[in-house]
Amino acid sequence: MANEQQSTMVRMPISALLGWIVPGLGHIYLGHRGRGLVFLVTITATFWTGVAIGGVKATVDPQTRKLWFFAQLCTAGNTAAAYAMHRSIVAREARTGVTVPKSFWASVDVGVHYTGVAGLLNLLVVFDAIGRSEAPSPVRVRGGGQQGDRGDP
Amino acid sequence: MTTAILGLFDSGMTLSSMQRFLFMLPLCLSIAVVYKTTRCEQLSDVPVAAGVLWVTIVGGMYAVGLGLWILFSIAV
């Protein structure tokens, strides 16, 4: 009983941290491989679609879009990569003097919504991983299915 | 190759108002898939449940938009 409680105490923060950094990784760590892969593909695709629509410089910008940046930060790994790209473009512009043209405001709006929503969806996924960390890992059964997979977090 | 991929994210796309409108659809689909994946007990139930939720979200948003448009037409 005490062992089980200790196991939950360890699994909960690890799954939350992994899920925060890479969408779905917390679920994969807990043994919910299928669910984790769905989250990984869906959230990552949504985030990078948004960056491609709005352009990385305007979409992931903590100076002009502070609140949206906080929403984007809920998917930390993607936002860190996008922000590194943002910084590298700014540095390249300063070095070469050639400015990357700013995107049309409507495209930036769509891009920011995509990335912000991706972040908030990942927050939901992190809470789901925390909920599932209290239950025992699913037992794999024949046919690729999983048993003991709880629906409600 | 890497430069070409990174170049994809450098500057954004130019969207027409219709394209802006249509980009709502995949975003709603993504929301529906993630939400239903957290709620469904079996992963095999997710596609149908997400599809139904997607239609509900899009239909609801169109209904709200239509309602506001009618209200605006009457008021102005």
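Heads up: the structure comes first, above all this text.
Fair warning: this is a prediction, and the values are worked out from it, not measured in the lab. (Residues numbered from 1 in each chain as written. Chains lettered and ligands numbered in written order. Predicted model: local features only at pLDDT ≥ 70, side-chain atom pairs only at ≥ 80, totals over all residues. Heavy atoms only, no water.)

Peer 1: Just to check I follow, could you spell out the interface of chain B and chain A for this structure?
Peer 2: As a measure of interface size, the accessible area lost when the parts come together is often cited. Counting residues at the interface gives 25 residues for chain B, matched by 39 residues for chain A. For the pair chain B and chain A, the summed buried surface comes to about 2,600 Å²; carbon and sulfur atoms form 66% of the total. At the junction of chain B and chain A, the tally comes to 0 salt bridges. The interface formed by chain B and chain A includes 8 residue pairs in polar contact (both at pLDDT 80 or more). Put simply, the parts of the chain that give the side of chain B that touches chain A at least two residues each are α1 (2-10) and α3 (24-39) of chain B. Broken down by element, the side of chain B that touches chain A gets its largest block of residues, 10 residues, from α3(B). Partitioning the side of chain B that touches chain A into residue classes produces 14 nonpolar, 7 polar and 4 charged. (Contact = heavy atoms within 4.5 Å. Buried area = accessible area lost by both parts, 1.4 Å probe. Salt bridge = Lys/Arg side-chain N within 4 Å of Asp/Glu carboxyl O. Polar contact = N/O pair within 3.5 Å; in protein donor to acceptor, adjacent residues only side chain to side chain. Helix = DSSP H or I, 4+ residues; strand = E, 2+ residues; numbered from the N terminus. Nonpolar A, V, L, I, M, F, W, Y, C, P; charged D, E, K, R; others polar.)

Peer 1: What am I meant to see in the pattern of salt bridges here?
Peer 2: Oppositely charged side chains can pair when the atoms bearing their charge come close. All names here are of chain A. The full count for this structure, using the stated rule, is 2 salt bridges over all chains. Between Lys57 and Glu93 there is a salt bridge; the shortest N-O distance is 2.9 Å. Taken together, the positions of Lys57 in helix α4 (residues 56-59) and Glu93 in helix α6 (residues 76-96) put the pair 36 residues apart, joining distant regions of the chain. Judged on exposure class, the residue Lys57 and its partner Glu93 are both buried. (Buried < 20%, exposed > 50% of the residue type's maximum accessible area, 1.4 Å probe, protein only.)

Peer 1: Explain the layout of surface pockets to me, please; I cannot follow it from the model alone.
Peer 2: The rolling of a water-molecule-sized probe over the atoms marks out the regions of remaining empty space. Of the volumes computed, that of the largest pocket is approximately 290 Å³. Surrounding the largest pocket, 13 residues form its lining, Arg20(B), Phe21(B), Phe23(B), Met24(B) and Met61(B) being those nearest its centre. When residues of the lining of the largest pocket are traced back to their parent elements, those giving at least two are α7 (105-132) of chain A together with α2 (17-22), α3 and α4 (46-75) of chain B. Broken down by element, the lining of the largest pocket gets its largest block of residues, 4 residues, from α7(A). In the lining of the largest pocket, the residues fall into 9 nonpolar, 2 polar and 2 charged. Considering only enclosed or pocket space, the second largest pocket measures out at about 230 Å³ in volume. (1 Å grid on protein atoms, 1.4 Å probe; cavity = no way out; pocket = protein on both sides within 12 Å on 5 of 7 lines; lining within 4 Å. Points joined across faces, edges and corners; volume = space filled by probe spheres on them.)

Purely spatial values, then, with no claim about function.
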